[in-house]
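Chain by chain, the residues:
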Amino acid sequence: MKEKNKTVPFLDLRITNTEDRQKLLNVIEKVMTHGRFIMGPEVELLEEKIAAYIDMPYAICVNSGTDALYLALRSVGVGPGDEVITTALSWIATANAIALCGATPVFADISDDLNIDPASVASLITKKTKAIMPVHYTGKVCDMYSLNDIANRYDITVIEDASQAFGASLYGKRAGSYGDLSCFSLNPMKVFGALGEAGVILTRSSALQQRLISLRYNGMENREVCHEPSLNGRIDTLQAAILLVRLDSVETTIEKRNAIAQIYNNAISEYVITPCIMKDERHAFYTYTIQTDDRKKLIQYLEEAGIEVKIRDSILMPNQPAYKTEIHGKLTNSERIINRLLSIPIHEKMTEKDAVYVTNSIIDFFRS
Ligand SMILES: *Cc1c(COP(=O)(O)O)cnc(C)c1O
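Thresholds applied
Residues numbered from 1 in each chain as written. Predicted model: local features only at pLDDT ≥ 70, side-chain atom pairs only at ≥ 80, totals over all residues. Heavy atoms only, no water. 1 Å grid on protein atoms, 1.4 Å probe; cavity = no way out; pocket = protein on both sides within 12 Å on 5 of 7 lines; lining within 4 Å. Points joined across faces, edges and corners; volume = space filled by probe spheres on them. Helix = DSSP H or I, 4+ residues; strand = E, 2+ residues; numbered from the N terminus. Nonpolar A, V, L, I, M, F, W, Y, C, P; charged D, E, K, R; others polar. Buried < 20%, exposed > 50% of the residue type's maximum accessible area, 1.4 Å probe, protein only. Polar contact = N/O pair within 3.5 Å; in protein donor to acceptor, adjacent residues only side chain to side chain. Pairing = 2+ DSSP bridges. Axes fitted to C-alpha atoms, helices over the stretch in contact; angles between N-to-C directions.

Colleague: So, empty space enclosed by the protein: which residues are in play, and what are the values?
Modeller: Enumeration over the complete set of coordinates arrives at 2 cavities of 30 Å³ or more. Of the pockets and cavities examined, the largest cavity occupies roughly 50 Å³. As for the largest cavity, its lining consists of Tyr137, Thr289, Lys310, Ile311, Arg312, Asp313, Leu341, Leu342 and Ser343. With 3 residues, strand E14 (residues 341–344) is the largest single contributor of residues to the lining of the largest cavity. A per-class count over the lining of the largest cavity returns 4 nonpolar, 2 polar and 3 charged. Taken as a whole, the second largest cavity spans an internal volume of roughly 40 Å³. Considering the residues around the second largest cavity, the lining is formed by Phe10, Leu11, Met189, Tyr286, Thr287, Arg312, Ile344 and Ile346.

Colleague: Tell me about helix H3 (residues 65–75), and name the residues and values.
Modeller: When you tally the buried positions in H3, you get 10 out of 11 residues, the bulk of the element. Taken residue by residue, H3 has Gly65, Asp67, Ala68, Leu69, Tyr70, Leu71, Ala72, Leu73, Arg74 and Ser75 as its buried positions. At the N-terminal end of H3, a side-chain oxygen is found 3.4 Å from the backbone nitrogen of Thr66, two or three residues along, and the residue is Ser64. Gly77, located one to two residues past H3, shows a positive phi value of around 80°.

Colleague: Describe the sheet that holds strand E1 (residues 58–62), and please don't skip the residues or the numbers.
Modeller: Whenever strands of a sheet pair, they do so through backbone hydrogen bonds, lying parallel or antiparallel. Within the open sheet, the 7 strands sit side by side as E1-E9-E8-E5-E4-E2-E3. Their pairing is mixed. Both edges of this open sheet fall to E1 and strand E3 (104–108), since each of them pairs with a single strand only. If you compare each strand with its neighbour and ignore which way they point, the axes differ by 25° on average. The pairing of strand E4 (residues 129–133) with strand E5 (residues 157–161) spans 2 bridges and is parallel. In the strand pairing of E5, Ile132 is matched with Val158.

So, in structure tokens, the structure goes:
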């Protein structure tokens, strides 16, 4: 049944469409002409557009998702002695941002949907808990209503790590609009990405916006007075200009990813656990991640068929050498699920035929 020489890459970031290419070249020209390579006019325009898209009052563009998380935590005063509750399952930048502030990351268990379990969060609250940092893992919005309830009860800040969920929503309300602050990585792998490193922080407070603008540039005010030590986290104007172009097609991108996901869900749910998509929910499908006990053999089978698959986060953050000694709750679900996760190709360049080739290959594997 395997087609000879057919390949489906996990992701293809090359810009091959001539029209897309020209649009990007045009804005690069424009930036070269005005010459304001850092914090040029494109940055402010991008901040306005992202704030409007997510429906948050203020956006502050920075130079990576990691810096976005770090600076957001700093802006609300997270520091030594504080605990920040986050999920056990994420890209390591989430925990690193907390630790770099001098605070202690506290790891909560996940639910079957791979997102942080609010009940586990509630069990980990202490007097030291300063913030909760949920991650919309794979591009699926967390149970933000329960998390916000807990946060309100204990007067704790919520900072969303929405890096994987640009454009995802629940009941029409977008990821990144639930917390006090939210952060996105805009690196090229993300659903909405630059041609290099980039990130953005959103907030509903003008005081936090002002503090973030200062923290983004060495804690300076007007290049004269330094209020507190920080890093240089400013975004390149070129990346902002590129992101402005790409913002126009982000809706189409997400639609295409959802169409592939629909084909997958319809065809393989009998054989593996597929992502659940609720009514009134829009998934961003940063990754399409399945759960299976036969992971090792399935990887081998699919790779032989020319289908590139990946284990995105192979180790739970609390099990990383860097975090072995940190606090965590019972990680029953996380420990059960971590060795069963597998991400299969999903991106805008995939055709329906590619998707059917993937599902047929998976079905062949389980039938043989
Ligand atoms: C990509 C990602 C980050 C880090 O973003 P960078 O822009 O690569 O620094 C943080 N958290 C999550 C969940 C991510 O997926």
